[in-house]
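Residue-level listing of the chains:
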Amino acid sequence: MKKASSKPKETVFSVDDGYVKMFLRGRPIMMYIPTTQKETYSLEAKAELPAQKLKLEWVYGYRGRDCRSNLYLLPTGEIVYFTASVVVLYNVEEQHQRHYLGHNDDIKCLALHPDMVTIATGQVAGTSKEGKQLHPHVRVWDSVSLNTLHVIGTGVFDRAVSCLGFSKSNGGAYLCAVDESNEHILSVWEWQKELKVAEVKSSNESVLASLFHPMDSNLIITCGKNNILFWTMEGNVLSKRQGLFEKHEKPKYVLCLAFAENGDVLTGDSSGNIYIWGKGGNRISHAVQGAHDGGVFGLCVLKDGTIVSGGGKDRKVILWDRDYHKVEEKEIPEIFGPVRTVTQGKDESLFVGTTRNAVLHGSFSTDFSTVVQGHSDELWGLDSHPSMAQFLTAGQDKLIHLWDTATHQPLWSKFIEDAACSAGFHPSGTVVAVGTLTGKWMVLDTETKDLVTVHTDGNERISVMRYSPDGNYLAVGSHDNFIYLYAVTENGRKYCRNGKCSGHSSFVTHLDWSSDSHYIVTNSGDYEILCWDSANCKQVTSAETVRDIEWATSTCVLGFQVFGIWPEGSDGTDINAVCRSNNKKILATADDFGKVLIFSFPCSQPRAPAHKYGGHSSHVTNVAFLHDDSVLISTGGKDTSIMQWRVV
């Protein structure tokens, strides 16, 4: 007997009953057509691409949480760093960003050529939407033109490229790289010829840095867990000598490398020591024991030969003279976390990258101010202000930021007790509601960031917080399958529970209000679309009522106005969020493949065409248009980044 093919079921249109039925994972989803369209609707009609496009305008965030040596100042006055799959070139003085968008997944490392123009960046292995393997590789590119010059190592590297370094003394002809295979293969490339010169298994433990010696392009130093190794390259053979700690404490991790003016190698380690390894040797010639309390995460030799070190646990930046005597120190505020990397700015200024994904700028004689701020854990909570060029993000790092899209800086930031995952502004803009993973939710004053009220509904994730258009209700959608409804008075300052909507057999994922604030529509984890009466929390089952309700927003991923966003064979979890522009012309979606898409609205033809944009590297969790539709904001899950797109 012939096996039934597993081809996805086609969308069905019933003229008589005025509905469209689509299938996700074989489950039927019934969507009623508005009366005005019942007679004229056809599944065969072709959907048009939207007239508007998106242009990446700003990237918020920096990847300092688990990457190192990834912040440099270029001669153009820009600092260069990365987050998600974007390399950012940011001119702080002029408040202008450029973006290198050649990568298609997470960037893990960055190296600057001695010419100060050419840059190499390495990325992880990824998967495309079609399930195709995307190989880890290195891209060498020009930081002035942003043109890609060479793509190196496709099919050679395993898992990810985690360390990169250009040689210095031979005009920068060599590039060394370490991948994340079990043996952490160290390879050397003549990058202009895209030719591999040598490779060797470097270590079974993690490798955190690999650099060419500035005076000898046949000497490479690598460091990481339990070791520092000195590699000599002869022809195509790399041979190693282990660094000998002898009488000195052997640290668990050697965390960072730098080179003194005279060619000595400097290392910072997890025990807080700075060791100086005499030039050309593998022995310690000088030790600064306990330079930091906790690990030494970053080392930078300044142009005048003095040294700056950055501390983990103690969050200190310390200046040492050439003889390794402490000159000055500065502590980084706790909100920014431990120091990850330090690099020289203009004159005596420094740029500091932190493990909480911030970049600071300052000096020993001035304070440090934030240049880049972001989140440091999964980010799902996002909403735009109803009347101003502002948006709010709420992350699982327990941090809430209210952002200004013009200055690209937070107007305020606030730590809360629980991991946050959803947010919604009151239509007046004076308060904002934030939901957490624990069932607790709170309302904050948008002006002062003060707590207005705290409530708890159930003990599961609050996936959606949405006020009614008239501001008199707040709907709280939870992973416990209920929608809790509150009456709101005193302009968002007083809350009284009205009841709960019960009827979903899976967790609530999305929710919209009707324009008249009388009805709510919800989606759930098992692809149900249910409609509710806000006066009594009862389910509305009449097709005739449901089909003609006008919805104030369009954030539900299932519904007649939006079903064209679903690609063929989709599993129903591929699209995390959708948002309609306020002028009702375009629809943006956030998907599991790191893409932001825009469709024409309404999107009521199967598999509608879209413009597609990369930049995020993991699932995109949320999208929101600003009140005037000039800008779209998108948030990343594991990449924790925020992207601001200009609608053009």
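Calculation notes
- Residues numbered from 1 in each chain as written.
- Predicted model: local features only at pLDDT ≥ 70, side-chain atom pairs only at ≥ 80, totals over all residues.
- Heavy atoms only, no water.
- pLDDT = per-residue confidence, 0-100.
- Contact = heavy atoms within 4.5 Å.
- Pairing = 2+ DSSP bridges.
- Helix = DSSP H or I, 4+ residues; strand = E, 2+ residues; numbered from the N terminus.
- Axes fitted to C-alpha atoms, helices over the stretch in contact; angles between N-to-C directions.
- 1 Å grid on protein atoms, 1.4 Å probe; cavity = no way out; pocket = protein on both sides within 12 Å on 5 of 7 lines; lining within 4 Å.
- Points joined across faces, edges and corners; volume = space filled by probe spheres on them.
- Nonpolar A, V, L, I, M, F, W, Y, C, P; charged D, E, K, R; others polar.
- Buried < 20%, exposed > 50% of the residue type's maximum accessible area, 1.4 Å probe, protein only.
- Polar contact = N/O pair within 3.5 Å; in protein donor to acceptor, adjacent residues only side chain to side chain.
- Salt bridge = Lys/Arg side-chain N within 4 Å of Asp/Glu carboxyl O.
- Phe/Tyr/Trp six-rings, centres within 6.5 Å; stacked < 30°, edge-to-face > 60°.
- Lys NZ or Arg CZ within 6 Å of the ring centre and 35° of its normal.

1. Let's talk about the confidence of the model for the chain
Counting all residues, the mean pLDDT for the chain is 96, and 99% of those residues have values of 70 or more. Every residue in residues 1–5 scores below 50 in pLDDT, and together they form zero contacts with partners more than four places removed in sequence or on other chains.

2. Brief notes about the sheet that holds strand 30 (residues 326–331)
Taking strand neighbours across the sheet as the criterion, the four strands line up as 27-28-29-30 in an open arrangement whose pairing is antiparallel. A strand with exactly one partner marks an edge of an open sheet, and here the two such strands are strand 27 (296–301) and strand 30. Going across the sheet, the axis of each strand differs from the next one's by a mean of 15°, ignoring polarity.

3. Side note on empty space enclosed by the protein
Evaluation of the coordinates by the stated rule reveals three cavities of 30 Å³ or more. Approximately 80 Å³ is the volume attributed to the largest cavity. Trp58, Val371, Val372, His408 and Gln409 are, among the 15 residues lining the largest cavity, the residues nearest its centre. Counting residues per element, the lining of the largest cavity draws most heavily on strand 4 (residues 54–60), at three residues. Estimates place the volume of the second largest cavity at around 60 Å³. Forming the boundary of the second largest cavity are Ile335, Phe336, Arg356, Ala358, Gln373, Gly374, His375, Ser376, Asp397 and Leu399. For the lining of the second largest cavity, a count of residues per class yields four nonpolar, four polar and two charged.

4. A few points about unusual backbone geometry
At the junction of Phe601 and Pro602, the peptide bond is cis and its omega measures out at -5° in the coordinates. Relative to the assigned elements, Pro602 resides in the loop between strand 52 (596–600) and strand 53 (611–613). A positive phi is found at Lys584, a non-glycine position, where the angle reads about 65°. One non-glycine residue, Thr640, lies in positive phi territory at about 55°. On the secondary structure map, Thr640 appears in the loop between strand 55 (631–636) and strand 56 (642–647).

5. Brief notes about the sheet that holds strand 52
Sheet strands associate in pairs through backbone hydrogen bonding, adopting either a parallel or an antiparallel arrangement. Overall, antiparallel pairing links the four strands, which are arranged 50-51-52-53 in an open sheet. Strands with a single pairing partner mark the edges of an open sheet, and in this sheet they are strand 50 (575–580) and strand 53. For this sheet, the mean inter-axis angle between neighbouring strands, taken without regard to orientation, is 20°. Sheet topology note: the strand 51 (residues 586–591)/strand 52 ladder contains five bridges and is antiparallel. Looking at the pairing, Ile586 lines up with Ser600 of strand 52.

6. Structural notes on the side chain of Ser618
Looking at the element boundaries, Ser618 is found in the loop between strand 53 and strand 54 (620–625). A residue is classified by how much of its surface remains accessible, and Ser618, at 13% relative accessible area, is buried. One polar contact links the side chain of Ser618 to the main-chain amide nitrogen of Lys638, over a distance of 3.0 Å. If sequence neighbours within four positions are ignored, Ser618 has contacts with Gly594, Gly637, Lys638 and Asp639.

7. What about the pattern of salt bridges?
In the structure shown here, the tally under the stated rule is 25 salt bridges. The salt bridge involving Arg283 is made with Glu246; its shortest N-O contact spans 2.6 Å. Of this pair, Arg283 sits in the loop between strand 25 (274–277) and strand 26 (284–288) while Glu246 sits in the loop between strand 22 (237–242) and strand 23 (254–259), placing them 37 residues apart in sequence. Each member of the salt-bridge network shares a partner with another, and the members are Glu10, Glu568 and Arg607.

8. Topic: the packing of aromatic side chains
If you walk through the whole model with that rule in mind, you get 21 aromatic pairs. Relative to Phe391, the ring of Tyr60 has its centre 5.7 Å away and its plane inclined at 85°; by these criteria the two rings are edge-to-face. One end of the pair, Tyr60, is in strand 4; the other, Phe391, is in strand 36 (residues 390–395), and 331 residues separate them in sequence. The residues Tyr60 and Phe391 share a single accessibility class, namely buried. Through pairs of rings, three or more aromatic residues link up here, namely Phe13, Tyr41, Phe560 and Phe563. A cation over an aromatic ring shows up here: Arg461 above the ring of Trp380, its NZ or CZ 5.3 Å from the ring centre. Lying over the aromatic face of Phe482, Lys500 brings its terminal NZ or CZ to 3.8 Å of the ring centre.

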